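Here is what each chain is made of, one letter per residue.
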Amino acid sequence: MRRALVLGMAGLLATAGATALAGTADAATSLASAASAKGRYFGTAVAAGHLGESAYASTLDAEFNAVTPENEMKWDATEPSRNSFSFGSADQIVSHAQGKGMKVRGHTLVWHSQLPSWVGGLNATDLRSAMNNHITQVMQHYKGKIYAWDVVNEAYQDGSSGARRSSPFQDKLGNGFIEEAFRTARSVDPNAKLCYNDYNTDGVNAKSNAVYNMVKDFKSRGVPIDCVGFQSHFNSASPVPSDYQANLQRFADLGVDVHITELDIEGSGSAQATNYGNVVKACLAVSRCTGITVWGVTDKYSWRSGGTPLLFDSNYAKKPAYDAVLSALGGSSSGGGGNGDGGGGTGATCTATYSKAETWSDRFNGNVTVKAGSSPISSWTVKVTVTSPQKISTTWNGSPSWDSSGNVMTMKPNGNGNLAAGASTTFGFTIMTNGNTSAPVIGACTAS
Ligand code: G3I
């Protein structure tokens, strides 16, 4: 049994001279604070209709410092009939965000989808005036409150042509509609960053090349554009591209910021966690990648909830993907999940600190020190996620269980659950590298 519990090795570890690699006492403990420490924002799409749900709002407020209204600022919501504007739901989100000091990304002014049918019925002259009026009215309403606007969304086709997508704007106003939209937007709110946003442009391909050429042209002619949004909707058919970072960097090199705007990655367990961690690392490696937005708080309300693509499950528990993101941002979990303190409200908290110990050619040892917070605890739980093909072969000083992939280990005490306030204990494990020497992702320590 490769996962045999080996007791009695704690003493060996205590003398191993291990160096803490992550999870110091001062490490940030939320996505927002960890991202801030790296000079980035960490946002989420928000639906106004869920703000009244306490777990939704408390997770949002605890973890994120930027929001994007998921549907509430789109044309069908804000101007359902010509020149008649309704901002109620979007206002709810903006005022919630302002109350919490969160940035707001405006999404989106000109898009072929969620477009009321009256727009499609206009002739070219009226459409031009309706587009500019829409941009003007919506941006004026939110002037001074929006960090960045997705001025134009998804104007290019998928596939190898690099051609524009058919839409009322493209078909009646021609290629110049994007430039016109950006010029109008700049004239309304010169302090908002103006972004072009699209999907399937995350790697280098015909579609991203077309967007790249447009941005390059805009920059060379002084058309106002400040940022490019990469939606980053990933799944097994559309995985995180291997040239993701290189693609972000080539856009940044044109002199625009890059935003990851709608990140979600279908999957679960360590595979999903690894993908999320890689996306965060790519952003951090590009100095002009100024922030990441995930497309929803919880799997419960994702536009593709069947694919469980987000960081919190449908009960608002943090997933391994959450731990991977926090760890990639240099943060460290402590305390409980997004909907509580993890200690049943008793004040029981703990932190988990990872240290690498002995290393051999085919494996290495790691240990995790669990430290009680300011109250005594009687039990603790820590998740350890390794990256396939890594396997945990041995553990000590704890009682482990694994998920179905075998890559996520949940460690609970083995006679070492009772800790006085501020006291600590250490459990350990051996990771067979199978060629991959990356550090495990250590999840939140939850205590009771
Ligand atoms: O609110 C109505 C509800 O009253 C009605 O009963 C129900 C029946 O269909 O529809 C509800 O509205 C839905 C809305 O989401 C709110 O849930 C719309 O039908 C549905 O079309 C809409 O889907 C949104 C989709 O954009 C529309 O294209 C998703 O929530 C939203 O996540 C998604 O977001 C887009 C980005 O804006 C652009 N990039 C791609 C991304 C994912 O598709």
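The protein chain carries the name Beta-xylanase in an unreviewed UniProt entry, which gives Streptomyces nodosus as its organism. The UniProt entry for the protein chain carries this comment under Catalytic activity (unreviewed entry): "Endohydrolysis of (1->4)-beta-D-xylosidic linkages in xylans." Per UniProt, the protein chain carries the Sequence similarities (unreviewed entry) text "Belongs to the glycosyl hydrolase 10 (cellulase F) family."

Another point: the overall build of the protein chain. Counting secondary structure elements, the protein chain contains 13 helices and 18 strands. In terms of C-alpha radius of gyration, the protein chain reaches 24 Å, essentially the compact-globule figure of 22 Å for 448 residues. Projected onto its principal axes, the C-alpha coordinates of the protein chain cover approximately 80 × 45 × 35 Å. Taken over 448 residues, the protein chain has a buried fraction of 55%. Considering only intrachain contacts with a sequence separation of at least 6, the fraction spanning at least 24 residues in the protein chain is 75%. Counting every atom, the protein chain has about 16,700 Å² of accessible surface; 48% of that belongs to carbon and sulfur.

Strand order in this open sheet of four strands is β15-β16-β13-β18, and the pairing throughout is antiparallel. Edge strands, defined here as strands with exactly one partner in the open sheet, are β15 (399-402) and β18 (441-447). When the angles between neighbouring strand axes are averaged without regard to direction, this sheet yields 20°. Where strand β13 (residues 380-385) lies against β18, five bridges are found, and the strand directions are antiparallel. Within β18, the residue paired with Thr381 across the bridge is Thr446. Helix-sheet contacts for helix α13 (residues 320-328) involve β13, β16 (408-412) and β18, and the interaxial angle to β18 is about 110°.

Before going further, it helps to examine the state of the cysteines. Following the criterion strictly, the structure yields two disulfides and no others. A sulfur-sulfur distance of 2.1 Å marks the disulfide that ties Cys283 to Cys289. Between Cys283 and Cys289 the sulfur-sulfur dihedral comes to about -100°; the bridge is accordingly left-handed. Cys289 shares its class with Cys283; the two are buried.

Formed by 95 residues in total, the largest nonpolar core has its most connected members in Phe42, Trp149, Val152, Phe182 and Leu311. Excluding residues within four positions of it along the chain, Trp149 makes contact with Met73, Gly106, His107, Leu109, Val138, Met139, Tyr142, Ala192, Lys193, Leu194 and Cys195. Counting 23 residues, the second-largest nonpolar core is a separate cluster that includes Phe364, Ile377, Leu419 and Phe427.

Here the UniProt feature "domain: GH10" (unreviewed entry) sits at residues 28-328. Span residues 28-328 is 41% helix and 17% strand, its end C-alpha atoms 12 Å apart.

Next up on the list: the domain arrangement of the protein chain. As assigned here, the protein chain comprises domain 1 (31-329) and domain 2 (350-447). Averaged C-alpha coordinates put domain 1 and domain 2 at centres separated by 37 Å. Of the residues lining the interface, eight residues belong to domain 1; the matching set on domain 2 comes to 12 residues. A buried area of about 640 Å², summed over both sides, lies between domain 1 and domain 2, and 61% of it is on carbon and sulfur atoms. Among the residues domain 1 hides against domain 2, the three largest losses belong to Ser270, Pro320 and Asp323. Together they make up 62% of the total. If you look at where domain 1 meets domain 2, you find zero salt bridges. Inspection of the domain 1/domain 2 interface yields two residue pairs in polar contact (both at pLDDT 80 or more). Those elements that place two or more of their residues in the side of domain 1 that touches domain 2 are α12 (269-284) and α13. No other element matches α13, which puts four residues into the side of domain 1 that touches domain 2.

Reading guide: rules and limits
- Residues numbered from 1 in each chain as written.
- Predicted model: local features only at pLDDT ≥ 70, side-chain atom pairs only at ≥ 80, totals over all residues.
- Heavy atoms only, no water.
- UniProt positions renumbered as here; feature names shortened; annotations may be inferred.
- Helix = DSSP H or I, 4+ residues; strand = E, 2+ residues; numbered from the N terminus.
- Rg over C-alpha atoms; globule rule 2.2 N^0.38 Å.
- Buried < 20%, exposed > 50% of the residue type's maximum accessible area, 1.4 Å probe, protein only.
- Contact = heavy atoms within 4.5 Å.
- Areas by Shrake-Rupley, 256 points an atom, 1.4 Å probe, with all protein chains shown as cover.
- Pairing = 2+ DSSP bridges.
- Axes fitted to C-alpha atoms, helices over the stretch in contact; angles between N-to-C directions.
- Disulfide = S-S within 2.5 Å.
- Core = buried A, V, L, I, M, F, W, Y, C linked by side-chain atoms within 4.5 Å.
- Domains from an automatic or database assignment.
- Buried area = accessible area lost by both parts, 1.4 Å probe.
- Salt bridge = Lys/Arg side-chain N within 4 Å of Asp/Glu carboxyl O.
- Polar contact = N/O pair within 3.5 Å; in protein donor to acceptor, adjacent residues only side chain to side chain.

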